Every structure is written in structure tokens, then in C-alpha cells.
Amino acid sequence: MSLDTPVIELKNVHVVFNSRTGTMFKANKVHAVNDISIAVRQGHTLGIVGESGSGKSTMAKVLVGLQKPTSGEITFNGEIVKSYSSSVRKRVGRVVSVVFQDPATALNARMRISEALQDPMEVHGIGTKQSRVARAKELIGLVGLPQSALEALPGQLSGGQRQRVAIARALALEPKVIVADEPTSALDVSVRAQILNLLADLKNELGLGMVFISHDIQTVRHVSDEIIVMNRGRVVEQGTTAQVFDNPTDEYTRTLLAAAPSLL
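**What to know about helix α5 (residues 129–142)**
So, step 1. In a regular helix each residue adds 1.5 Å, so 14 residues correspond to 20 Å; α5 covers 20 Å between its end C-alpha atoms and thus fits that length.
So, step 2. Packing partners of the buried residues in α5 comprise α4 (113–123) and α6 (159–170).
So, step 3. Looking at the residues trailing α5, positive phi occurs at G144, about 80°.

Following this line, the structure appears as C-alpha cells:
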């Protein structure tokens, strides 16, 4: 599989939910994702930006195999997904991993960091106990934390350190793509740039594909090669980062750019 071949590809994907705002006999429909086609490749960062309710969180679930589309086609690693059984989700989990918004809820508070890093490998039956311990040591160094952090509990680490652990955990199975869903919004401004730089460095060092999802277009600009702007479930703007910022074609994109301060 060449680097030009998409690791994840969505073709004309729709996700429609029944809304509680309808009547007892006829629920209203919410078109959370409306006819979206995108491709995610190794070594490439796709930024997805939009306000709350734009559909970007539903898109994240589709990208990691947690949300079955109402219609459309999804391909993971060249394989068209036709069912969402536990075995298929397990295979998808080897290809694409996710970094969530809040590392405090993503990590088990009672599990030491070493155990948290080994857990995905145990679930997937990878390696021996000895090799998993060695891999945990490698991962903690990869995200810039000291080896002593392996014996800590999540509550003994700062927010920035916990997010580094969450990133290390996402890398445990050597995925081809990382989906980062608002990975810096729960962090202090002082550490956001450090986490963004870490993600960019890991992408380059490991040849990862990355999907970076945020409501903040300036943060997306910092890490992305390509940006799509979502509004009410639709892609209203798509292009290279330079194209979107220098020559936005949609009024909604221009509004986002005008409203966003140039802060990380």
C-alpha cells in the first residue's frame, strides 16, 4: 500500500439521526453528516473545523469506525467496511487510533501509566508481557516524558502530561492514522502549543496520517496540510491550508476567520 493510497476514505457519506423534537409518530430527522467525501493519507494532516453542531464530532466517530453511516461507502486500509461487528472494529482499531479532548476521562484513574500503555496491546493480543513493558517505555520516551511517569497514576500528572500519555496510548498499536478530536481545548494556553508541536513532530517522525478536529480555525491552521470547514453537516470549504486562509470562497469560512484570534 503506497503512501498515496488513502488509509481512510469516505465516499458520499450521510449520517441521519432521529430527533426527539418530532411527534410520537413522526420523529424529525437530523442530517449530522451530509454527503461528505474525504481521504486521509499517511504523512498528511487533514484539519476539520466547525462550530458546535456542525457535524465534526459525528465525523470523528465515522472516521474511527464508531458510527455506522446511514448511506455512503467507507474504506479502511483498502477494505470496504460492510459490517460494524466487534471483529471489524478491532481491525479498524489497528489502523486508526483516537486522541480525545479530555485526557482525564480517557485514562483510567486507577491504572498506572505503564498499565494504561500496555492495555491496548493486551486487548489485541500483541507481544509478550516483557515486550509490552519495553514498548511502554519506548512510548513514554516518544512523547517526551521521563521513565518515572510510568509508575504514576493519571491524577499525579498535569493536564499536559496526561495528554502526552493519551497520545502515547494512541500510538501503542502503531496505527497509520491518528484522529485528534479537540486535543488541546481542555488544556491551559501555555501548554497547547507544546502538544500541537508534539503531534506535528510525531506525524513527521512516524509517517502518520492525522485528522485534527477543532472549533478553532487558527489552531487547525497550525498543524494541517489540508482543511475542510463544516457547517450544518456539510463541507462548505475544502482546500490546502494556504487556499482556505488566503482565498476563502464561502461566507461561513470568512466569518470564522474574522472571528478567530490568532492564538493557539
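After presenting the structure, the write-up continues.
**With respect to the sheet that holds strand β7 (residues 177–181)**
Paired through backbone hydrogen bonds, the strands of a sheet run either parallel or antiparallel to each other.
So, step 1. If you walk across this open sheet you meet the 6 strands as β6-β7-β8-β3-β9-β10, and the pairing is mixed. Edge positions in the sheet fall to β6 (96–99) and β10 (234–240), since each has one partner strand and no second. For this sheet, the mean angle separating the axes of adjacent strands, direction not counted, is 15°.
So, step 2. Both β7 and strand β8 (residues 209–214) contribute to a ladder of 5 bridges, which runs parallel. Bridge pairing links A180 to F212 in β8.
So, step 3. Helix-sheet contacts for helix α10 (residues 251–259) involve β9 (226–231) and β10, and the interaxial angle to β9 is about 105°.

**Topic: the packing of α4 against α5**
So, step 1. Axis separation between α4 and α5 bottoms out at 9 Å; the angle between their running directions is 120°. When the axes of α4 and α5 are compared, the pair comes out oblique. Crossing hand, α4 versus α5: right-handed. In this structure, α4 uses I113, S114, L117, Q118, M121 and E122 to contact α5, whose residues at the interface are K129, R132, V133, R135, A136, L139 and I140.
So, step 2. When the residues that make up the contact of α4 with α5 are grouped by side-chain class, the tally is 7 nonpolar, 2 polar and 4 charged.

**A look at α10**
Within an α-helix, residues lying three or four positions from one another point in the same direction, as the helix has 3.6 residues per turn.
So, step 1. Those residues of α10 that sit buried are Y252, T253, L256 and L257. Across the axial projection of α10, the buried residues extend over an arc of 140°, all falling on one side. Exposed and oriented more than 90 degrees from the buried face of α10 are E251, A258 and A259.
So, step 2. Check the buried side of α10 and you find it contacts α8 (217–223), β9, β10 and α9 (241–246).

**Thoughts on the environment of T253**
So, step 1. Residue placement: T253 occurs in helix α10.
So, step 2. In the structure, T253 is positioned 195 residues away from T58 in sequence and 20 Å away in space, judged by C-alpha atoms.
So, step 3. Apart from residues no more than four positions distant in its own chain, T253 is found in contact with V229, V236, E237, V244 and P248.
So, step 4. At 2.9 Å, the side chain of T253 forms a polar contact with the side chain of E237.

Rules used in this analysis
Residues numbered from 1 in each chain as written. Predicted model: local features only at pLDDT ≥ 70, side-chain atom pairs only at ≥ 80, totals over all residues. Heavy atoms only, no water. Helix = DSSP H or I, 4+ residues; strand = E, 2+ residues; numbered from the N terminus. Expected span 1.5 Å × (residues − 1). Contact = heavy atoms within 4.5 Å. Pairing = 2+ DSSP bridges. Axes fitted to C-alpha atoms, helices over the stretch in contact; angles between N-to-C directions. Parallel < 35°, antiparallel > 145°, perpendicular 65-115°, else oblique. Left-handed = near helix turned anticlockwise from the far one by under 90°. Nonpolar A, V, L, I, M, F, W, Y, C, P; charged D, E, K, R; others polar. Buried < 20%, exposed > 50% of the residue type's maximum accessible area, 1.4 Å probe, protein only. Arc of directions from axis to C-beta. Polar contact = N/O pair within 3.5 Å; in protein donor to acceptor, adjacent residues only side chain to side chain.

This is a description of form; function is not addressed.
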